[in-house]
Amino acid sequence: MTARASTPDRGPGPRPGREPARQRVLRAARQALRVLAVELGTPTEPGTPLLGSVRSPWLRRLPYVVAFGFAVSLLPTTINVLGNDYGLEGGLVGALATAQSVPLLLAVTRPLQAWWVIFAADVLGAVALIGADGVAGRAWPWPPMEIVGYLALMLALSLRERRRTLTAVWLTTGVAGLLSQVFTPEGSNNTWVLMFVLTGVVLMMGATLRERGDAQRKLIEQETISEAERARRTLLEERTRIARELHDVVAHHMSVITVQAASAPYRISGLPGEAEEEFGAIAATARESLAEMRRLLGVLRSEEAEQQGGPEKTPQPGIGMLPKLVEGTVRAGVPVELALPEEPVALEPAVDLSAYRIVQEALANVVRHAPGAPTRVSVTVAADGARLTVLIVNSAPSAPSAPLETTGTGHGLIGMRERVRLVDGSLDTGPLPDGGFRVAARLPLSPPPSQASPLSTAKDAHSV
């Protein structure tokens, strides 16, 4: 007799390592409910009115007017229908009608919160109508006035919430209507399918309108950004063109002057010592002008310079360099007296630069239009210590001489006024009775907060 090894019968049970189908379904259902709760409990931009970003004030008020109209019309209608047609009691009728219509006013700023209140009131109303005397032959679970108010709420909701939230609202409405079929009163006209279909149509239409509006706004913003970028590119191209012209024209001539002045003592024999000193001063002035112009070119080509390590960083001139400026003007044949404050004055860079440039331009005008005219330059601080006064006064030339320039463009005076305006100061210019000219600038010791030194640096183009 042969003994057979008995093998245990595993039966049709689940395989090891595989989750039962029931658990998978339950887990998927729990996950779906979790997502549904998150979507229905997370409003978008709560407190922001519908159409609050439009420019027209009438359109901004339109949602309030529409919501008020629906609430005022639906409240008495709901009370009348629920009380007279369906036969509900007075207290319950008032509570349901208020909860189903008044929250429409909240839908203007918080439509998702309003939906929670109105949906709960509609469900409670459907439960209350199950045992009502007048439900036979009438709409249930959603009476007509509830459908109208609910669709108005869906429109407000679709203009604010994202598609996932709208889908969750729509599915919740359909599930509530489907579950109501278990308790359908005898002889009633079921309206849950109508409510479900109309809700989906309104939500889809509203979401489409909102997304179209969002797309148009983004397109307008992109066009605005593109226009600003084109304007910025045009400005940079213009600045580069100006820098190129300055370099090709002015820098070339200044370089020639520098070379000629520096090489004159070697090219011309027998020059007196005074002439050699004069040529040396001309060469030094030309080199200084070239250095300042290179700094201006660095400002005009700021974007290119930043890519190559940034423009040349050099301290800007101020009133401390006025003696050197006056010395150069005296060598040009203009007798100049300079009066500076006895104590050093701490100035903001913008004010210090503006004061220097105003004196520089005024002395250049004297050299061009009134060569040899006695000139006085004074820089004083007001008694209250709030303002700096820069005064340049020249009288008529003692010996009549032809001006170096008979006409002017006026750019120098325009540049002075712009500099003074940038630091919130004042400028007074004009001829004097004796034939001279006066330039008086009053500058605050501290410029306004919006004043920045790079802007002042850019204005140096007027001094070229």
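Everything that follows concerns the structure shown earlier in this document.
Residues numbered from 1 in each chain as written. Predicted model: local features only at pLDDT ≥ 70, side-chain atom pairs only at ≥ 80, totals over all residues. Heavy atoms only, no water.

*Asks:* For this particular structure, what's the right way to read the environment of Asp 384?
*Replies:* Turning to its location among the elements, Asp 384 is positioned in the loop between strand S4 (375–381) and strand S5 (387–394). For Asp 384, a relative accessible area of 62% puts it in the exposed group. One polar contact links the side chain of Asp 384 to the main-chain amide nitrogen of Ala 386, over a distance of 3.2 Å. (Helix = DSSP H or I, 4+ residues; strand = E, 2+ residues; numbered from the N terminus. Buried < 20%, exposed > 50% of the residue type's maximum accessible area, 1.4 Å probe, protein only. Polar contact = N/O pair within 3.5 Å; in protein donor to acceptor, adjacent residues only side chain to side chain.)

*Asks:* Is there a simple way to think about the side chain of Thr 109 in this case?
*Replies:* On the secondary structure map, Thr 109 appears in the loop between helix H3 (90–101) and helix H4 (111–128). A relative accessible area of 17% means that Thr 109 is categorised as buried.

*Asks:* Before we go on, may I ask you to explain the packing of aromatic side chains in this structure?
*Replies:* Each aromatic ring pair is summarised here by two numbers: the centre-to-centre distance and the angle between the ring planes. Evaluated as defined, the whole model comprises 4 aromatic pairs. Ring geometry for Trp 115 against Phe 119: centres 5.0 Å apart, planes inclined by 15°, an arrangement best described as stacked. Separated by 4 residues within a single helix, Trp 115 and Phe 119 lie in helix H4, roughly one turn from each other. By the burial criterion, Trp 115 is buried, and Phe 119 matches it. Aromatic pair Trp 192 and Phe 196: ring centres 6.4 Å apart, planes at 40°, arrangement tilted. (Phe/Tyr/Trp six-rings, centres within 6.5 Å; stacked < 30°, edge-to-face > 60°.)

*Asks:* Looking at this structure, how should I read the nonpolar core?
*Replies:* It is characteristic of soluble globular proteins that their nonpolar side chains tend to be buried jointly. In this structure, Leu 82, Trp 115, Tyr 150, Leu 153, Met 154 and Val 169 are the most contacted members of the largest nonpolar core, which totals 40 residues. Listing elements by their share of this core, those giving two or more residues are helix H2 (57–85), H3, H4, strand S1 (139–140), helix H5 (144–158), helix H6 (163–179) and helix H7 (192–267). Here the element with the most residues in this core is H5; it accounts for 8 residues. Discounting chain neighbours no more than four positions away, the residues touching Met 154 are Trp 115, Val 169, Thr 199, Val 202 and Leu 203. Listed in part, the 30 residues of the second largest apolar core include Ala 350, Ala 362, Leu 363 and Val 439. (Core = buried A, V, L, I, M, F, W, Y, C linked by side-chain atoms within 4.5 Å. Contact = heavy atoms within 4.5 Å.)

*Asks:* Honestly, the sheet that holds S4 in this entry has me stumped. Any pointers?
*Replies:* The strands making up a sheet associate through hydrogen bonds between their backbones, and the pairing can be parallel or antiparallel. Strand order in this open sheet of 5 strands is S3-S4-S5-S7-S6, and the pairing throughout is mixed. Each edge of the open sheet is held by one strand with a lone partner, namely strand S3 (336–339) and strand S6 (426–431). Each neighbouring strand pair of the sheet contributes to a mean axis angle of 5°, computed without reference to strand direction. Sheet analysis places S4 next to S5, joined by 7 bridges and oriented antiparallel. Directly across from Val 381, in S5, lies its bridge partner Leu 388. Sheet contacts for helix H10 (residues 322–331): S3 and S4; angle to S3, the most-contacted strand, approximately 170°. In the packing of helix H11 (residues 349–369) onto the sheet, the strands contacted are S3, S4, S5 and strand S7 (437–444), and the crossing angle to S5 comes to about 5°. (Pairing = 2+ DSSP bridges. Axes fitted to C-alpha atoms, helices over the stretch in contact; angles between N-to-C directions.)

*Asks:* What should I look at first to understand the pairing of S3 in this one?
*Replies:* It is a general feature of regular strands that their side chains alternate between the two faces of the sheet. Sheet analysis places S3 next to S4, joined by 4 bridges and oriented parallel. By the bridge assignment for S4, Leu 338 is matched with Val 377. The handedness of the S3 to S4 crossover, carried by H11, is left-handed. (Right-handed = clockwise from strand over helix to strand, strands pointing away.)

*Asks:* Quick question: what am I supposed to make of the pattern of salt bridges here?
*Replies:* Oppositely charged side chains are able to pair whenever their charged atoms sit close together. Under the defined criterion, the tally for this structure stands at 10 salt bridges. Residue Arg 232 pairs with Glu 229 through a salt bridge whose shortest N-O separation is 3.6 Å. Residue Arg 232 and its partner Glu 229 are both found in helix H7; the two are separated by 3 residues, about one turn of the helix. Accessibility expressed as a relative area gives 42% for Arg 232, which makes it partly exposed. Residue classification places Glu 229 among the partly exposed residues on the basis of a relative accessible area of 38%. In this structure, Arg 376 and Glu 337 form a salt bridge, with 3.3 Å as the shortest nitrogen-oxygen distance. (Salt bridge = Lys/Arg side-chain N within 4 Å of Asp/Glu carboxyl O.)

*Asks:* Teacher, can you tell me more about a nonpolar patch on the surface here?
*Replies:* A cluster of nonpolar side chains, Leu 51, Leu 59, Leu 62 and Val 66, forms an exposed patch at the surface whose accessible area comes to about 310 Å². Within the secondary structure, Val 66 sits in helix H2. Assessed through its relative accessible area of 38%, Val 66 is described here as partly exposed. (Patch = residues over 30% accessible without salt bridge, like charges linked within 9 Å, V, L, I, M, F, W, Y side chains within 5 Å. Areas by Shrake-Rupley, 256 points an atom, 1.4 Å probe, with all protein chains shown as cover.)

*Asks:* Looking at this model, I keep getting lost on the packing of H2 against H3. Mind explaining?
*Replies:* A pair of packed helices is captured by two measures, namely the crossing angle of their axes and the spacing between those axes. The geometry of H2 relative to H3 is characterised by a closest axis approach of 9 Å and an angle of 150° between their N-to-C directions. On the basis of their axis angle, the class for H2 and H3 is roughly antiparallel. Relative to H3, H2 is oriented so that their crossing is right-handed. Here Ala 71, Leu 74, Leu 75, Thr 78, Ile 79, Leu 82 and Gly 83 of H2 come into contact with H3, specifically with Val 93, Leu 96, Ala 97, Thr 98, Gln 100 and Ser 101. (Parallel < 35°, antiparallel > 145°, perpendicular 65-115°, else oblique. Left-handed = near helix turned anticlockwise from the far one by under 90°.)

*Asks:* Even after reading the chapter, I still don't get unusual backbone geometry, so can you show me in this structure?
*Replies:* The phi angle of most residues is negative, glycine excepted, and most peptide bonds adopt the trans form. With an omega dihedral of 5°, the bond running from Trp 140 to Pro 141 counts as a cis peptide bond. Structurally, Pro 141 is set in the loop between S1 and H5. Positive phi is not limited to glycine here, since Glu 45 has a value of about 50°. One can find Glu 45 in the loop between helix H1 (21–41) and H2. Notably, Asp 424 is not glycine yet its phi reads approximately 65°, a positive angle. Note that Asp 424 resides in the loop between helix H12 (411–422) and S6.

*Asks:* I would appreciate a short explanation of the side chain of Arg 210 in the present structure.
*Replies:* Locating Arg 210 in the fold gives a position in helix H7. Residue Arg 210 is classed as buried on the basis of its relative accessible area of 16%. Among the polar contacts listed, one links the side chain of Arg 210 to the backbone oxygen of Glu 161, at a separation of 2.8 Å. Residues in contact with Arg 210, not counting those within four places in the same chain, are Ser 158, Leu 159, Arg 160, Glu 161, Arg 162 and Arg 163.

*Asks:* How do you make sense of H10 when you look at a structure like this?
*Replies:* Given 3.6 residues per helical turn, the α-helix brings residues three or four places apart onto the same face. Within H10, burial applies to Leu 322, Leu 325, Val 326 and Thr 329. In a view along the axis of H10, the buried residues occupy a sector of 95°, so they form one face of it. Those residues of H10 that are buried lie in contact with S3, H11 and S4. Looking one or two places after H10, you find Gly 333, whose phi comes out positive at around 100°. (Arc of directions from axis to C-beta.)

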